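Descriptive structure summary
Each chain, letter by letter, is given below.
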Amino acid sequence: MGPLSLLIKPASGGCNLRCRYCFYRDLSARWEESGVAMSEEVMETLVDRVFEEDPADVTLAFQGGEPTLRGLDFFRKLAARVKEKNVRRVPVHYAIQTNGMLLDGDWAAFLAENRFLVGLSLDGTREIHDALRPKPDGRGSFGDVMKSARLLEKHGVDFNILTVVTNRLSRHPEKVYGEMKKAGFRYLQFIPCLDPFGEKPEESFAPSAERLGDFYVRLFSLWYRDFMRGEYISVRWFDNLIRMAMGEHPEMCGLIGFCPGQLVIEGDGSVYPCDFYVNERYKLGNLREDSFSAMLGSDAMTNFTEPSFAHEKACETCDYRYFCRGGCRRDRESDMGGEIGLNRFCASYKAFFEAFMEKLPSIMEKLRAEGR
């Protein structure tokens, strides 16, 4: 078997924040109601399944809800189980996406020892973050996230900042980027906020295509200025586009050109093809009964991935097709199970790529001059 990558939800949809734009709260409501968190028995079965597959490389990524709610002891036992079962010593990579609320010295030491790549959720400025990512009692969480960031730095843990581009945040790229730089953060990710499938929410936090395009164009201008004067800030999307310009493959699934499908594992061992589609309609199986290779090759996975090619004809004449590749399937579907068409942010990407293509020659020239 080739590389195997799993997205694991040990605490299911449970979370200790009440982010106002959270899409997963709706998807995982049934899990929260039943209190399903991953048992040690399911965790052990998961690890055993991984090494039964004889993979060439393993990535175990943890997400939620908030995965740290499952407790440090659970993660210690998982890491020990991996060491026990990995008799061929294949490379194992760990990653975790966290809101940072529960991180302390013991957590940081564990993450450093096991070389976890940590994604830390932070929505730009204190004002924006606290308004959108409050605790259950309504207090803001910005200060807690910053403390966790300094703790990770102290212990030498590799981490990046994940920022959700809401309608509110999209109006302030200069302020957000400036605050990130001031805080010393050099590895950034920006993902557009999406409203949940179904009825129109009472308040939409998703930016319009025009607003998102304006955000990306202004953000890129700031990034380009720093890049050209030798101050490199990693913005994941920009990094991927430059790699593509150099003939390399992107690592972001939304840039592949189709939906390859994932293996997303819920607390009870149920497996789904994408974090956005944790729904019985798309269920692939359960790791207690099914192997990962069987689920990857199943009709259910094929039925999920095949519709993601539906945009190809509509995008044939687009000047930016090579870089855009249609984007994420979730951005091209109006409702779960609905028709898949053009990306809802198509206009924003066209505005961005116009600015990007204008600057790309000078970026490539600088990289060549530096031997990179």
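Before reading on, note that the structure itself is shown above.
If you're wondering where the values come from, they're calculated on a predicted model, not measured in any experiment.

Reading the values: rules and limits
- Residues numbered from 1 in each chain as written.
- Predicted model: local features only at pLDDT ≥ 70, side-chain atom pairs only at ≥ 80, totals over all residues.
- Heavy atoms only, no water.
- Helix = DSSP H or I, 4+ residues; strand = E, 2+ residues; numbered from the N terminus.
- Contact = heavy atoms within 4.5 Å.
- Areas by Shrake-Rupley, 256 points an atom, 1.4 Å probe, with all protein chains shown as cover.
- Lys, Arg positive; Asp, Glu negative; His and termini not counted.
- Charge placed at Lys NZ, Arg CZ, Asp CG, Glu CD.
- Buried < 20%, exposed > 50% of the residue type's maximum accessible area, 1.4 Å probe, protein only.
- Pairing = 2+ DSSP bridges.
- Axes fitted to C-alpha atoms, helices over the stretch in contact; angles between N-to-C directions.
- Expected span 1.5 Å × (residues − 1).
- Right-handed = clockwise from strand over helix to strand, strands pointing away.
- Patch = residues over 30% accessible without salt bridge, like charges linked within 9 Å, V, L, I, M, F, W, Y side chains within 5 Å.
- Salt bridge = Lys/Arg side-chain N within 4 Å of Asp/Glu carboxyl O.
- Arc of directions from axis to C-beta.

Some thoughts on the overall build of the protein
- Across its full length, the protein carries 14 helices and ten strands.
- Referenced to the eigenvectors of the C-alpha coordinate spread, the extents of the protein come out at roughly 55 × 50 × 45 Å.
- The long-range fraction of contacts in the protein, counting pairs at least 24 apart against all pairs at least 6 apart in sequence, stands at 72%.
- Carbon and sulfur atoms form 49% of the exposed surface of the protein, whose accessible area is close to 17,000 Å².
- With 50 positive and 56 negative side-chain charges, the protein shows a separation of 5 Å between the mean positions of the two kinds.

Observations concerning unusual backbone geometry
- The amide bond that connects Gly 64 to the next residue, Gly 65, takes the cis arrangement and shows omega of 10 degrees.
- With respect to the element layout, Gly 65 can be found in the loop between strand 2 (58-62) and helix 4 (72-85).
- Of note in the backbone geometry, Arg 89 takes a positive phi value of approximately 55 degrees without being a glycine.
- Here Arg 89 lies in the loop between helix 4 and strand 3 (92-98).
- Residue classification places Arg 89 among the exposed residues on the basis of a relative accessible area of 60%.
- Located in the positive-phi region is Arg 325, a residue other than glycine, with phi close to 60 degrees.
- By secondary structure assignment, the location of Arg 325 is in the loop between helix 13 (321-324) and helix 14 (346-369).

Observations concerning the sheet that holds strand 6 (residues 187-192)
- The sheet built from ten strands is open, its strands ordered 7-6-5-4-3-2-1-8-9-10 with mixed pairing. In this open sheet, the two edge strands, each paired with only one partner strand, are strand 7 (234-235) and strand 10 (285-286).
- In terms of strand pairing, strand 5 (residues 159-165) meets strand 6 through five bridges, oriented parallel. Looking at strand 6, one finds that Leu 162 is bridged to Gln 189.
- Across the face of the sheet, helix 3 (residues 40-52) comes into contact with strand 1 (4-8), strand 2, strand 3 and strand 8 (264-265) while running at roughly 165 degrees to strand 1.
- Helix-sheet contacts for helix 4 involve strand 2, strand 3 and strand 4 (116-121), and the interaxial angle to strand 3 is about 165 degrees.

Remarks on helix 9 (residues 209-228)
- In this model helix 9 runs 28 Å from its N-terminal to its C-terminal C-alpha over 20 residues, within 8% of the 28 Å that 1.5 Å per residue would give.
- All buried positions along helix 9 are accounted for by Ala 209, Leu 212, Gly 213, Phe 215, Tyr 216, Leu 219, Phe 220, Leu 222, Trp 223, Tyr 224, Asp 226 and Phe 227.
- Residues of helix 9 that are buried in the fold lie against strand 5, helix 8 (173-182), strand 6, strand 7, helix 10 (236-245) and helix 14.
- Gly 230 lies just past helix 9 and shows a positive phi near 85 degrees.

A short note on the pairing of strand 2
- Where burial is concerned, most of strand 2 is hidden: four out of the five residues are buried.
- Of the strand pairs in this sheet, strand 1 and strand 2 are connected by five bridges, and their pairing is parallel. Bridged to Leu 6 within strand 2 is Leu 60.
- Bridge count for strand 2 against strand 3 is five bridges, and the pairing is parallel. Bridge pairing links Leu 60 to Tyr 94 in strand 3.
- Note that the unit made of strand 2, helix 4 and strand 3 has a crossover that is right-handed.

Looking at a nonpolar patch on the surface
- Taken together, the side chains of Ile 256, Phe 258 and Phe 309 make up a nonpolar region of the molecular surface, amounting to roughly 230 Å² of accessible area.
- Topologically, Phe 309 is positioned in the loop between helix 12 (299-305) and helix 13.
- Among the residues examined, Phe 309 registers a relative accessible area of 37% and is labelled partly exposed.

Here's the deal with helix 8
- For helix 8, the set of buried residues is Pro 173, Val 176, Tyr 177, Met 180 and Lys 181. Buried residues of helix 8 fall within an arc of 130 degrees about the axis and therefore sit on the same side.
- Here the buried face of helix 8 lies against helix 6 (126-132), strand 5, strand 6 and helix 9.
- With its phi angle positive at about 85 degrees, Gly 184 sits one or two positions after the end of helix 8.

Regarding the side chain of Asp 331
- Along the polypeptide, Asp 331 turns up in the loop between helix 13 and helix 14.
- Although buried, Asp 331 forms no salt bridge, and the nearest oppositely charged side chain, Arg 344, lies 4.5 Å from it.
- Apart from residues no more than four positions distant in its own chain, Asp 331 is found in contact with Leu 194, Leu 342, Asn 343, Arg 344, Phe 345 and Tyr 349.

Some thoughts on the pattern of salt bridges
- Scanning all chains against the criterion turns up 21 salt bridges.
- Residue Arg 81 is joined to Asp 48 by a salt bridge in which the shortest nitrogen-to-oxygen separation is 2.8 Å. With Arg 81 in helix 4 and Asp 48 in helix 3, this pair connects stretches of sequence that are 33 residues apart. The burial state of Arg 81 is the same as that of Asp 48; both residues are buried.
- Across the pair Lys 181 and Asp 226 runs a salt bridge, and its minimum N-O distance is 3.0 Å. On the criterion of sequence distance, the pair formed by Lys 181 in helix 8 and Asp 226 in helix 9 is long-range, its members being 45 residues apart. The exposure classification of Lys 181 matches that of Asp 226, with both residues buried.

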